[in-house]
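Spelled out from the first residue to the last, the chains are:
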Amino acid sequence: MKGRETKLTKRYRKKGTFEEPSYWQSYSDMMAALLLIFILIIAITLAIYKQKTTDLEQTQIELNAAKQKLETATEELELAKVDLDNYRSEIEASRLDLEDSLLKLQAAYDAAALTQEQLAAAYLEIDVARGELESTRSQLQDIVGVRTDIIGQLQSRFNNSSMKVDAQNGSISFSSDVLFKYGSANLTDASKATLTEIIPMYLDVLLQDQFRDYIAEIIIEGHTDTSGSYQHNMDLSSDRASSVADYILNPANGLSEEKIEQLQSLLTINGRSYSSPIYVAGTSEIDMAASRRVEIKFRLKEDELIQKIAEILSQQTNTVPNPAP
């Protein structure tokens, strides 16, 4: 009986051992899979990092190359500007030479020292010289005459107005005594009506299509007399220029939204204190009343003029005949 129980007990224990589930093998498989996934993630990350590093290096190389090209182009532009200035000087010298030649030829004609044949040849030379001079003047007028055209149109526009346009720089000037009370930067009611009438007329000329691309700045400058300290007058002149600017940039005061947007991109406001006084004509005495003023003026761009000069140079180069062999 005891021996039978022992056999049954061993059989039971053996049977129980085989039926118990094995967790270690599943756990090791899972860890191996996770390790493989982790290795794959690291490999992919390294590949992406290497690719990004390569792309970054390539981008840096391209940026350095572009920077070098930009620096080279800038140097070439500076050289071109110098060449253009030299060419302008040569044109001016040629014009003076041509005028001198015309004077000499005219003097020779007046002295009646030439034969009929010589006179005919001289007239022909004069005609050729005049043609060259007129051509040069015409080209220069197209380039540097933009300011003259603007000033001419401004003078025509204000011909029937009490406002006068400066014939040299095209500026207009408002007396501070008209716009403000003495020592104040607040516009008077009467001055607002004046600004509403005058400013749109002035800007209509500057901002029209044929001139707008040439305008670099539209400037409002405040000026004072010499009473008081420089800094006090600087603050006052700046505040007065700002008051005028604030008024004209208000759509309710005469300018359209389009004109205001154009003006904002060009407008500069300056206070000049008493650094630019006006003197009584023929004397060194400062005209205090005239010095108290607000000026509105413009500045032209240089790049467009340089571009047009370059175009003319290119046209002349293409039209110069080759010398005979």
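Scroll up to find the structure.
Conventions used here
- Residues numbered from 1 in each chain as written.
- Predicted model: local features only at pLDDT ≥ 70, side-chain atom pairs only at ≥ 80, totals over all residues.
- Heavy atoms only, no water.
- Salt bridge = Lys/Arg side-chain N within 4 Å of Asp/Glu carboxyl O.
- Axes fitted to C-alpha atoms, helices over the stretch in contact; angles between N-to-C directions.
- Helix = DSSP H or I, 4+ residues; strand = E, 2+ residues; numbered from the N terminus.
- Parallel < 35°, antiparallel > 145°, perpendicular 65-115°, else oblique.
- Left-handed = near helix turned anticlockwise from the far one by under 90°.
- Contact = heavy atoms within 4.5 Å.
- Nonpolar A, V, L, I, M, F, W, Y, C, P; charged D, E, K, R; others polar.
- Pairing = 2+ DSSP bridges.
- Core = buried A, V, L, I, M, F, W, Y, C linked by side-chain atoms within 4.5 Å.
- Buried < 20%, exposed > 50% of the residue type's maximum accessible area, 1.4 Å probe, protein only.

Our focus in this paragraph is the pattern of salt bridges. Across all of its chains, the model carries eleven salt bridges by this definition. Each of Glu92, Arg95 and Glu99 takes part in salt bridges that share partners, so that together they form one network.

Another aspect to go through is the packing of helix α4 (residues 146-157) against helix α6 (residues 189-206). Following both chains from N to C, one finds α4 and α6 inclined at 150 degrees, their axes separated by 9 Å at the closest point. When the axes of α4 and α6 are compared, the pair comes out roughly antiparallel. Here the hand of the crossing between α4 and α6 comes out right-handed. On α6, the residues touching Ile150, Gln153, Leu154 and Arg157 of α4 are Met201, Tyr202, Asp204, Val205 and Leu206. For the contact of α4 with α6, the class distribution of residues is six nonpolar, one polar and two charged.

Turning our attention to the sheet that holds strand β4 (residues 293-300). Spatially, the four strands line up as an open sheet ordered β1-β4-β2-β3, and their pairing is mixed. Each having just a single partner strand, β1 (172-175) and β3 (267-271) make up the two edges of the open sheet. With direction set aside, neighbouring strand axes in the sheet form an average angle of 20 degrees. Judged from the four bridges that link them, β1 and β4 form a sheet pairing that is antiparallel. Looking at the pairing, serine 173 lines up with glutamate 295 of β4. Contacts from α4 reach β2 (215-223) and β4, with the element oriented near 140 degrees to β4. Across the sheet, helix α8 (residues 230-248) touches β2, β3 and β4, and the angle it forms with β3 is around 155 degrees.

Before going further, it helps to examine the nonpolar core. Membership of the largest hydrophobic core comes to 40 residues, with the highest contact counts inside it found for Ile150, Leu154, Phe174, Tyr202, Ile218, Ile220 and Phe298. Elements supplying a minimum of two residues to this core: α4, β1, α6, β2, α8, α9 (257-266) and β4. The contacts of isoleucine 218, once residues within four sequence positions are left out, are Leu203, Leu206, Leu207, Leu263, Leu266, Leu267, Thr268, Ile296, Lys297 and Phe298.

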